[in-house]
Amino acid sequence: MSRSVVIGVDNSEYSEQAFDFYTQHAMLKGDKIILVHVSEYTSLVQAPALLTDPVVVSELIKEEEVKVKHLVDKYSEKLKKLHLGGKVKQMAGKSGEAIIAAAKEENAGLIVVGTRGMGKVRRTFVGSVSDYVLHHSDVPVLICRVNKPHS
């Protein structure tokens, strides 16, 4: 029996390392991979100051579309190299909420996300996608933390 696995991806090294960890250590034969990306421009476009200048909004959207194309190409290549099938699901809204929604839509059995490893104080003020997903998911969540060499 196959399971659907939702993996939150963006242009960060954190999500790439989470993807790599999953494929090397947690993937099961037959897994269906759904890469979920939440575009950054959705929150920017909603800012009232930006709505007054359609040129700015248009440029932001164009820049984001280029980033998304690069992201899709990068992960498509990774999937191809590993002989895996999968799809990219582009979502709007807040990242954590969108990942949870995608997991429900896809009937996921696992969610994989990366984390920056923020401290408690910063996470309290800034918020954390991985923290949100962990506390709102109905399915297991694999949070991959980047291990950087100590200097």
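Quick look at the structure, then. Since we're looking at a predicted model, the values are computed, not measured. (Residues numbered from 1 in each chain as written. Predicted model: local features only at pLDDT ≥ 70, side-chain atom pairs only at ≥ 80, totals over all residues. Heavy atoms only, no water.)

The next subject is the environment of Gln90. Note that Gln90 resides in strand 3 (residues 86–91). Judged by its relative accessible area of 43%, Gln90 is partly exposed. Here the side chain of Gln90 touches Ser39 through a polar contact of 2.3 Å, side chain to side chain. (Helix = DSSP H or I, 4+ residues; strand = E, 2+ residues; numbered from the N terminus. Buried < 20%, exposed > 50% of the residue type's maximum accessible area, 1.4 Å probe, protein only. Polar contact = N/O pair within 3.5 Å; in protein donor to acceptor, adjacent residues only side chain to side chain.)

Our next topic: the packing of helix 5 (residues 95–105) against helix 7 (residues 129–136). For the pair helix 5 and helix 7, interaxial distance at closest approach is 8 Å and the crossing angle is 40°. As judged from the angle between their axes, helix 5 and helix 7 are oblique. Taken as a pair, helix 5 and helix 7 cross one another with a handedness that is right-handed. Only Val129, Tyr132, Val133 and His136 of helix 7 make contact with helix 5, whose side of the interface consists of Ser95, Gly96, Glu97, Ile99 and Ile100. (Axes fitted to C-alpha atoms, helices over the stretch in contact; angles between N-to-C directions. Parallel < 35°, antiparallel > 145°, perpendicular 65-115°, else oblique. Left-handed = near helix turned anticlockwise from the far one by under 90°. Contact = heavy atoms within 4.5 Å.)

Taken as a whole, this structure holds eight salt bridges when the rule is applied. For Lys78, the salt bridge identified is with Glu16, shortest N-O distance 3.5 Å. Here Glu16 lies in helix 1 (residues 13–26) and Lys78 lies in helix 4 (residues 54–81), a separation of 62 residues in the sequence. Where Lys69 meets Asp73, a salt bridge forms, and the shortest distance between an N and an O atom there is 2.9 Å. (Salt bridge = Lys/Arg side-chain N within 4 Å of Asp/Glu carboxyl O.)

On to unusual backbone geometry, then. Phi is positive for His83, which is not a glycine, with a value near 55°. Here His83 is to be found in the loop between helix 4 and strand 3. Taking relative accessible area as the criterion, His83 reaches 73% and is therefore assigned exposed. Its identity as a non-glycine residue notwithstanding, Asn107 has a phi of 55°, on the positive side. Position of Asn107 relative to the elements: it lies in the loop between helix 5 and strand 4 (108–115). Looking at Asn107, the relative accessible area reads 66%, which means it is exposed.

On to the sheet that holds strand 3. Strand order across the open sheet formed by five strands is 3-2-1-4-5, with parallel pairing between neighbours. Since the sheet does not close on itself, it has two edges, and those belong to strand 3 and strand 5 (141–145), each with one partner. Here the average twist between neighbouring strands, direction ignored, is 25°. Where strand 2 (residues 32–38) meets strand 3, six bridges bridge the pair, whose relative direction is parallel. Its bridge partner being in strand 3, His37 is matched across the sheet by Gln90. Where helix 5 meets the sheet, it contacts strand 1 (4–8), strand 2, strand 3 and strand 4, and its direction lies at approximately 135° from that of strand 3. (Pairing = 2+ DSSP bridges.)

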